[in-house]
Amino acid sequence: MDDSKFLITGADGQLGKALQQKYPNSQATTKDQFDITDTDAVKNYNWQNIEVIINAAGYTNVDVAETDEGRVAAWNVNAQAVINLAKAAIEHGLTLIHISTEYVFDGSKTPHKEDEPFSPLSVYAASKAGGDIAASFALKHYIVRTSWLIGEGKNFVRTMLELGRAGTAPKVVNDQIGRLTFTTELARAIYHLLSTNCQYGTYNVSNGGEPASWADIARIIFQEASLDVQVTNTTTAEYLTSKPQTAKRPLNSTLDLSKIESTGFKPTDWHDNLKEYLNST
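An account of the accompanying structure is given in this report.

**Side note on helix 10 (residues 270–279)**
Residues spaced three or four apart along an α-helix point in a common direction, a consequence of the helix completing one turn every 3.6 residues.
Link 1 in the chain: Every buried residue of helix 10 is accounted for by Trp270, Asn273, Leu274, Tyr277 and Leu278. Viewed along the axis of helix 10, the buried residues span an arc of 135°, placing them on a single side of the element. Turned more than 90 degrees away from the buried face of helix 10, the exposed residues are Glu276 and Asn279.
Link 2 in the chain: Those residues of helix 10 that are buried lie in contact with strand 6 (149–150), helix 5 (156–165), strand 9 (181–182), helix 6 (183–195), strand 11 (212–213) and helix 7 (214–224).

Right, dumping it as structure tokens:
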């Protein structure tokens, strides 16, 4: 694959940074360089030397998306921008890779399969579902649905490390269950889909291994980091009561990985990637 013909949007995000390492010759853009929410900017972009768009851009502030201003921003970035990119992909015959989330589901089923009907619980989740629909109109598309992303930037693992090193014992929800997805693993899966010419469509991608709660993951983080910090369990309902402006989250975030595994991709156990991540953080 000639990665000089790849366009990566959202290059300054956790996944965008990992994708740049995977595709060092790609054209990597940030919002300031290329505003994909601007319909005219996308239409007039020089697509002549682009063959693959990897859309790693996303509005991810789940709670702020519940506000009037956040709602508009979420829909612009997570849906309208994808409409713009899908139109470009159709017009110029490009492959569009779009990053989705398990938040498009309400968490009532386990594990989530690719063809599960959308059932978003929040504004953010609804905007992401809209983006999935938009991306699906591109003739050559991969919708990569993932969960609990961990990479270079602000995330759960880094937050727990900061608390632990400060000697703060956190309360963490123990009824939200899923698997971590490290950006290096997600980038590897995207490379696999492209390099093996997998059938276009939607693929669930996360690390492998046994699903766990956020509270259990926090305990593992402290144990691996040799931090003597106690984690107190709390429920999502209790957490929402204490913070009424918080958006609803799905209780089950576990993705069924059988579809991408059937293509020959073998997910790395999240425990293994977590150890590597902690050693380098």
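There is more to say, and it comes next.
**What to know about the pairing of strand 5 (residues 140–146)**
Link 1 in the chain: Burial analysis of strand 5 places six of its seven residues in the buried class, which makes it a mostly covered element.
Link 2 in the chain: Pairing analysis gives seven bridges linking strand 4 (residues 95–101) to strand 5, with the strands arranged parallel. For Leu96, the partnering residue across the bridge sits in strand 5 and is His141.
Link 3 in the chain: Where strand 5 meets strand 10 (residues 201–204), four bridges bridge the pair, whose relative direction is parallel. Note that in strand 10 the partner of Val144 across the bridge is Tyr203.

**Focus on the packing of aromatic side chains**
Link 1 in the chain: One pass over the full model with this rule turns up eleven aromatic pairs.
Link 2 in the chain: With a centroid separation of 6.3 Å and an interplanar angle of 65°, the aromatic rings of Phe34 and Trp47 are classed as edge-to-face. Of this pair, Phe34 sits in the loop between strand 2 (27–29) and helix 2 (39–43) while Trp47 sits in the loop between helix 2 and strand 3 (52–55), and the two are 13 residues apart along the sequence.
Link 3 in the chain: When its relative accessible area of 6% is taken as the criterion, Phe34 is described as buried.

**Notes on helix 6**
Link 1 in the chain: In a regular helix each residue adds 1.5 Å, so 13 residues correspond to 18 Å; helix 6 covers 18 Å between its end C-alpha atoms and thus fits that length.
Link 2 in the chain: All of the buried residues along helix 6 are Thr183, Glu185, Leu186, Ala187, Ala189, Ile190, His192, Leu193 and Leu194.
Link 3 in the chain: Phi turns positive one or two residues past the end of helix 6, at Asn197, with a value near 55°.

**Concerning the sheet that holds strand 10**
Link 1 in the chain: With parallel pairing, the six strands of this open sheet are ordered in space as 2-1-3-4-5-10. Single-partner strands in this sheet number two, and they are strand 2 and strand 10. Each adjacent strand pair in this sheet contributes to an overall mean axis angle of 15°, direction not counted.
Link 2 in the chain: Helix 4 (residues 123–135) rests against strand 4 and strand 5 of the sheet, and its axis sits at about 155° to strand 4.
Link 3 in the chain: Lying on the sheet, helix 6 is in contact with strand 1 (6–9), strand 3, strand 4, strand 5 and strand 10; it crosses strand 5 at an angle near 155°.

**Digging into unusual backbone geometry**
A negative phi angle characterises most non-glycine residues, just as the trans form characterises most peptide bonds.
Link 1 in the chain: Residue Pro111 follows Thr110 across a cis peptide bond; omega there is -15°.
Link 2 in the chain: Phi angles above zero are rare outside glycine, and Trp148 is one such case at about 50°.
Link 3 in the chain: Structurally, the position occupied by Trp148 is in the loop between strand 5 and strand 6.
Link 4 in the chain: For Trp148, a relative accessible area of 8% gives the class buried.
Link 5 in the chain: Here Asn197, not a glycine, exhibits a phi torsion of approximately 55°, which is positive.

How each quantity is defined
Residues numbered from 1 in each chain as written. Predicted model: local features only at pLDDT ≥ 70, side-chain atom pairs only at ≥ 80, totals over all residues. Heavy atoms only, no water. Buried < 20%, exposed > 50% of the residue type's maximum accessible area, 1.4 Å probe, protein only. Helix = DSSP H or I, 4+ residues; strand = E, 2+ residues; numbered from the N terminus. Arc of directions from axis to C-beta. Contact = heavy atoms within 4.5 Å. Pairing = 2+ DSSP bridges. Phe/Tyr/Trp six-rings, centres within 6.5 Å; stacked < 30°, edge-to-face > 60°. Expected span 1.5 Å × (residues − 1). Axes fitted to C-alpha atoms, helices over the stretch in contact; angles between N-to-C directions.

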